[in-house]
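# Structure at a glance
What follows is each chain in one-letter form.
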Amino acid sequence: MNTRFLEAFVWAARLGSFRTAADKLHITQAAISNRIASLEQDFGTRLFDRDAREIRLTFAGRNLLVYAERMLELCRDMYAANSSPAQITGEVRIGVIETIVHTWLIPFLQRVQERYPGIEIQLTSESTRRLHEQLQQGELDIALQTDMLTGDHIRSTGSGAIAMGWAGRAADWPDTGAPFTVAQLAQHPIITMNRGSQPHSALKALCQDEGVQLGRVHCVSSISAIVRLVKAGFGIAVLPLAPLREEIEQGNIALIPCVSALAPQRIVISYSEDITTEAIQLVAMLACEEAARFTLGLGEEYGAG
């Protein structure tokens, strides 16, 4: 039996659409339809009920799906067991949050390139909420973000955390030794990441716990832009601290001590359990290793314990 036909069937079943399955496999929708038609001819039964709006597995289709997934997984394991890392190929679509772009993304991509030169990477940077949507819709294979994600054929692994804190232009915030209260800091214009992001949520939760009314909060999607705004004296920032380390060490930005701690920014690796290729799982494992290595090496000031 042609495993490509089974692959087309499995992805059409999982994604609920011949068109989406075709996009996933980089073939035409007609090719998906032909492969599934061939399977239906081989088994002498319909595998999908089709109408103008959706496709649904028949009883026979649901039964076949169990065996098809097993067969594809066995084929993948057999290939992996008999292939060297240099022979492993495939395209892996990775989505990352801004914090990772500014910290351990480059070392991670270098490790992927060195260990698996046959794997092609497609990269995008989005908010955690958007990355979740893209992973669930089959538009991404791996999401490097902040929150555990559950769902059919999606696995998530926590890989450490980064300290969150307050930062301002160094000239405006000399080291006085005494920490500020949340109420004192909230009197200043505050810059943080997009609404719904973990930094924004951590700021809201801290103010709620302290009974402090937030004033002006400017939400900016780019850490680079936030750094420029802080250095220009536009406001103080609530951010994960690791991306600011170079600016802090150069004396451009100062950490602002606060009597109450912000919740740290978690690092979570979520990925599709794609049974048709081992490349996704191998790259996801490298991401977990690199994230853990990075967070363990941060030290007390930038790490989250």
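Let me begin by describing the structure that accompanies this report. (Residues numbered from 1 in each chain as written. Predicted model: local features only at pLDDT ≥ 70, side-chain atom pairs only at ≥ 80, totals over all residues. Heavy atoms only, no water.)

## Topic: the pattern of salt bridges
Going by this rule: Within this document, salt bridges are pairs made up of a side-chain nitrogen of Lys or Arg and a carboxyl oxygen of Asp or Glu, the two lying within 4 Å of each other. Throughout this description, buried means an accessible area under 20% of the type-specific maximum (1.4 Å probe, protein chains only), exposed means over 50%, and partly exposed covers the range between.
Evaluation of the coordinates by the stated rule reveals 15 salt bridges. E54 is the salt-bridge partner of R56, the closest N and O atoms lying 3.1 Å from each other. For E54, a relative accessible area of 38% translates into the label partly exposed. Through salt bridges with shared partners, one network takes in R111, E289, E290 and R293.

## A word on the nonpolar core
When a protein is soluble and globular, its nonpolar side chains tend to lie buried together. Rules: We call a set of buried residues a nonpolar core when its members are Ala, Val, Leu, Ile, Met, Phe, Trp, Tyr or Cys and they connect through side-chain atoms within 4.5 Å of each other. Helix and strand definitions here come from DSSP, where helices need a minimum of 4 consecutive H or I residues and strands a minimum of 2 consecutive E residues; each element is numbered from the N-terminal end. Where each domain starts and ends follows an automatic or database-derived domain assignment. Every residue pair with non-hydrogen atoms within 4.5 Å of one another is taken to be in contact.
Grouped together as the largest cluster of nonpolar side chains are 52 residues, with contacts concentrated most on W104, F108, I142, L144 and I269. Considering every element that reaches this core, the biggest residue donor is helix α12 (residues 279-296), with ten residues. When residues of this core are sorted by domain, at least three fall in each of domain 2 (90-160 + 265-297) and domain 3 (164-256). Those residues in contact with F108, other than ones at most four positions away along the chain, are I94, L144, V283, L286, A287 and E290. Listed in part, the 21 residues of the second largest apolar core include L6, F18, A22 and L47.

## A short note on the sheet that holds strand β4 (residues 119-125)
Operational definition: For two strands to be treated as a pair, DSSP must find at least two bridges joining them. To get an axis, fit a line to the C-alpha atoms, keeping to the stretch in contact for a helix; angles then go from 0 to 180 degrees between the N-to-C directions.
The mixed open sheet is built from five strands, whose spatial order is β4-β3-β5-β12-β6. Of all the strands in the sheet, just β4 and β6 (154-162) have a single pairing partner and so form its edges. Averaged over all neighbouring strand pairs, the angle between strand axes comes to 20 degrees, with direction disregarded.

## Quick look at the side chain of S17
Our working rule: Two N or O atoms form a polar contact when they lie within 3.5 Å of each other; inside protein one atom must be a possible hydrogen donor and the other a possible acceptor, and for residues adjacent in sequence the pair counts only when both atoms belong to side chains.
Along the chain, S17 turns up in the loop between α1 (3-15) and α2 (18-25). Residue S17 is classed as buried on the basis of its relative accessible area of 17%. Of note is the side chain of S17, whose polar atom sits 3.2 Å from the backbone nitrogen of R19.

## Some details on the sheet that holds strand β10 (residues 236-240)
The strand order β9-β8-β10-β7-β11 describes an open sheet built from five strands, whose pairing is mixed. The open sheet is flanked by β9 (217-219) and β11 (253-256), the only strands paired with a single partner. Pairwise comparison of adjacent strand axes, ignoring direction, gives a mean angle of 35 degrees for this sheet. As defined by bridge partners, strand β8 (residues 190-192) adjoins β9 across three bridges and the pair is classed as parallel. Following the sheet pairing, I190 is matched in β9 by V217. In the packing of helix α9 (residues 198-210) onto the sheet, the strands contacted are β7 (164-169), β8, β9 and β10, and the crossing angle to β7 comes to about 95 degrees.

From the geometry alone we can't say anything about function, so treat these as descriptive.
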